[in-house]
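# Breakdown of the fold
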Amino acid sequence: MIDVSHISKSYGDTHAVQDISFGVKKGEVLGFLGPNGAGKSTTIRMLTCFLPADSGEVRIAGYNVANDSIEIRRHIGYLPENNPLYMDMGVVEYLDFAAGMRSIPSRQRRGAINRVVERCGLAPMAARNINALSKGYRQRLGLAQALIHNPAILILDEPTIGLDPHQIIGMRNLIREIGQEKTVVLSSHILPEVAATCDRVLIMNNGQIVGSGTPEELSAMASGGQEILVSIRADQNHIETVLKALPFITAFEHVSEHDGLHSYSLQANDDEEVSERIFDAVVQNGWRLAGLQRKTINLEEVFVDLTTREAT
Amino acid sequence: MNSIGVIFRKELRSYFSSPVAYIVILAFLGITYWLFFRTFFLANQSSLRPFFSLLPWIFLFLGPAITMRAWAEERKMGTIEVLMTFPVLEREAVLGKFLAAFLFLSIVLCLTISLPLTVMFIGYPDPGPILGGYLGACLLGGSYLAIGLFASSLTENQIVAFILSIVLCFALLVIGEDFVLFNLPSALVPICAYLGLGAHFENIGRGVIDLRDILYYLSIIFFFLFLNQLALESRKWRS
């Protein structure tokens, strides 16, 4: 759906985005993660045709951004950073303006507006002026604007910034719901948000992509292996001799002992079947297994790891 | 084409939904009426001449006051990013905003209708100069608005936009004034006399509607609207 190859963008001496490439498949939810100033917004502005790339090519829905900018914009719904709104307008008036700009015929506008008002939970605020809306509702209105023409692609720059935790959850649910039928690109510097809403994550730092993959893959990438928590009921010495002998386990640590149940934290290599193999070892030795869990390292650790690795 | 109309309607509504518009209208009418009637009965002539000779100077403030917000506000609030990622060309957005400002100015001008009515009630003025005067006022006002829109697209500060438009309009108005022309090197005189905004207005105001004067104003309007379009597009090639 979106195909970006080797785009760069500089502002004077600052290289905001340097030679990045990525693709987004139809129906996928892609998250840009990165510290402030990493180049997320610049990348998004190049996707939405607000800024052209200095070099490289962006293709969206089969069109080239440089040549068919207007055509591409028809397929995109966009919520820019900080959700700019015309404060002197009313909610419905603003959506009607957006519908007009999207060339929705006047007979269908009423329906389109009702649909997004309903969808984004704006109904109780429909009669208000925008400047009388709370931040959460303003954000919903921004999203409603982006959805008014039922676009195939939705691009959201920092959609939950400045919201309270309750509103963040509401917004996230809304995005996840929309993500089931549309291609969504969003940016954020809040890690759990990306983990909760995205199928795939691109981590950006200093204008470059420093990591990409599903939230799970990124965890594995950061640790350079995987961590497994296992609880076994058996003799401690016996367990440790066997664990030492297993080739795919690089290190282990005795975490706790409770009523003869020993918990270990294992560092394993990238072998996909580590869990199965540990299970096999348990069976062969006639131990009793009380727990076997692959620990996912959370995104914060990946993020800090990837972005600091870049800096050094 | 459709987007021009949509932007036009939005802009027009936002003019009338803000109290600033009404203040501007009242101030304009108050000052104009005062200055006109102050000398009208003394001069004892049933003519609108004094009114039309005031207009270029009063419009100097009215025009920029109308347009200062147009782009500066969009830039400041960031709404320009919403607007320019809609499927709309820069020139369509510029044209939509210009037409709205122009209609607003025309409405304000219509509100001065009681002046010619008063004069016609009292005496027998020549209708030619009155019609010509209003046509000239529209064209001159349109030029001010185009300049003002351009100035507004250069900054995100409305006050800066306001002052800058006044300065630009003022410069273009006075280069055609005799006082300036006397002091210029003779090679520049015909060019400056032609470029000055005021002389063409006086021609039309006499009731002589010359195509060249109309073309002059249309060129000024298109030139500054084009500059406005370039200023909007400059975000794409400026680094």
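What counts, and where the lines are drawn
- Residues numbered from 1 in each chain as written.
- Chains lettered and ligands numbered in written order.
- Predicted model: local features only at pLDDT ≥ 70, side-chain atom pairs only at ≥ 80, totals over all residues.
- pLDDT = per-residue confidence, 0-100.
- Helix = DSSP H or I, 4+ residues; strand = E, 2+ residues; numbered from the N terminus.
- Contact = placed C-beta atoms within 7 Å.
- Nonpolar A, V, L, I, M, F, W, Y, C, P; charged D, E, K, R; others polar.
- Domains from an automatic or database assignment.
- Pairing = 2+ DSSP bridges.
- Axes fitted to C-alpha atoms, helices over the stretch in contact; angles between N-to-C directions.
- Core = buried A, V, L, I, M, F, W, Y, C linked by C-beta atoms within 7 Å.
- Buried ≥ 20, exposed ≤ 12 C-beta atoms within 10 Å, placed from the backbone.
- Expected span 1.5 Å × (residues − 1).
- Parallel < 35°, antiparallel > 145°, perpendicular 65-115°, else oblique.
- Left-handed = near helix turned anticlockwise from the far one by under 90°.

### Description of the confidence of the model for chain B
When pLDDT is low, close inspection of the predicted coordinates is not appropriate. Residue and element names in this part refer to chain B. Predicted confidence across chain B gives a mean pLDDT of 90, with 99% of residues reaching 70 or more. When mean pLDDT is compared element by element in chain B, helix 5 (residues 90–110) scores highest at 95, while helix 9 (residues 178–182) scores lowest at 81. What the predictor reports for the complex is a pTM of 0.83 with an ipTM of 0.89.

### Observations concerning the interface of chain A and chain B
By a widespread convention, an interface's size corresponds to the accessible area lost as its parts come together. Opposite the 23 residues of chain A that make contact, chain B presents 20 residues. Where the side of chain A that touches chain B is concerned, the elements lending two or more residues are strand 1 (2–11), helix 2 (69–75) and helix 3 (91–101) of chain A. Partitioning the side of chain A that touches chain B into residue classes produces 13 nonpolar, six polar and four charged.

### Remarks on the domain arrangement of chain A
Examined at the domain level, chain A breaks down into domain 1 (2–212) and domain 2 (221–299). Taken over C-alpha atoms, the centre of domain 1 of chain A sits 43 Å from the centre of domain 2 of chain A.

### Regarding the sheet that holds strand 8 (residues 183–188) of chain A
Residue and element names in this part refer to chain A. What the six strands build is an open sheet, ordered 6-7-8-3-9-10; its pairing is mixed. With one partner strand each, in any of the chains shown, strand 6 (76–79) and strand 10 (208–213) form the two edges of the open sheet. Adjacent strand axes in the sheet meet at a mean angle of 15 degrees when their direction is disregarded. Where strand 7 (residues 153–157) lies against strand 8, five bridges are found, and the strand directions are parallel. Pairing of isoleucine 153 across the sheet is with threonine 183, part of strand 8. Helix 5 (residues 135–147) contacts strand 6 and strand 7 of the sheet and is inclined by roughly 165 degrees relative to strand 6.

### Let's talk about the nonpolar core
Core analysis: the biggest nonpolar cluster contains 130 residues, and Leu95, Val116, Ala144 and Ile155 of chain A together with Ala101, Ala146 and Leu149 of chain B have the highest contact counts within it. Ranked by residues supplied to this core, first place goes to helix 7 (residues 127–152) of chain B with 12 residues. Not counting residues up to four positions away in its chain, the partners in contact with alanine 144 of chain A are Leu95, Val116, Val117, Cys120 and Leu122 of chain A. With nine residues, the next largest nonpolar core counts Val230, Ile232, Ile249 and Leu266 of chain A among its residues.

### Observations concerning helix 5 of chain B
Because each turn of an α-helix spans 3.6 residues, side chains separated by three or four positions in sequence point in the same direction. With 21 residues, helix 5 of chain B extends 30 Å between its outermost C-alpha atoms, agreeing within 8% with the 30 Å of an ideal straight helix rising 1.5 Å per residue. All of the buried residues along helix 5 of chain B are Glu92, Ala93, Val94, Gly96, Lys97, Phe98, Ala100, Ala101, Phe104 and Leu105 of chain B.

### A short note on the packing of helix 11 (residues 197–205) of chain B against helix 12 (residues 211–237) of chain B
Residues and elements named next belong to chain B. Where helix 11 contacts helix 12, the axes come no closer than 10 Å and their chain directions differ by 140 degrees. The orientation of helix 11 with respect to helix 12, classified from their angle, is oblique. Regarding helix 11 and helix 12, the two cross each other, and that crossing is left-handed. Only Asp213, Tyr216 and Tyr217 of helix 12 make contact with helix 11, whose side of the interface consists of His200, Asn203 and Ile204. Per-class residue counts for the contact of helix 11 with helix 12 are three nonpolar, two polar and one charged.

### Things to note about helix 1 (residues 40–47) of chain A
The element helix 1 of chain A is largely enclosed, with a buried count of eight among its eight residues. Restricting attention to buried positions, one finds in helix 1 of chain A the residues Lys40, Ser41, Thr42, Thr43, Ile44, Arg45, Met46 and Leu47 of chain A.

### Comments concerning the sheet that holds strand 11 (residues 226–233) of chain A
All names here are of chain A. With respect to topology, four strands assemble into an open sheet ordered 12-13-11-14, the strand pairing being antiparallel. Looking at which strands have only one partner, the edges of the open sheet turn out to be strand 12 (249–258) and strand 14 (288–295). Within the sheet, the average angular offset between the axes of one strand and its neighbour, ignoring direction, is 20 degrees. Judged from the eight bridges that link them, strand 12 and strand 13 (residues 261–268) form a sheet pairing that is antiparallel. For serine 256, the partnering residue across the bridge sits in strand 13 and is serine 263.

### Remarks on the packing of helix 7 of chain B against helix 11 of chain B
Residue and element names in this part refer to chain B. Two numbers describe how helix 7 lies on helix 11: the axes approach to 7 Å, and their chain directions differ by 155 degrees. Accordingly, the angle class assigned to the pair helix 7 and helix 11 is roughly antiparallel. Of the two possible hands of crossing, helix 7 and helix 11 adopt the one that is right-handed. Residues Pro129, Gly132, Gly133, Leu135, Gly136, Leu140 and Ser143 of helix 7 form the contact with helix 11, whose participating residues are Leu197, Phe201, Ile204 and Gly205.

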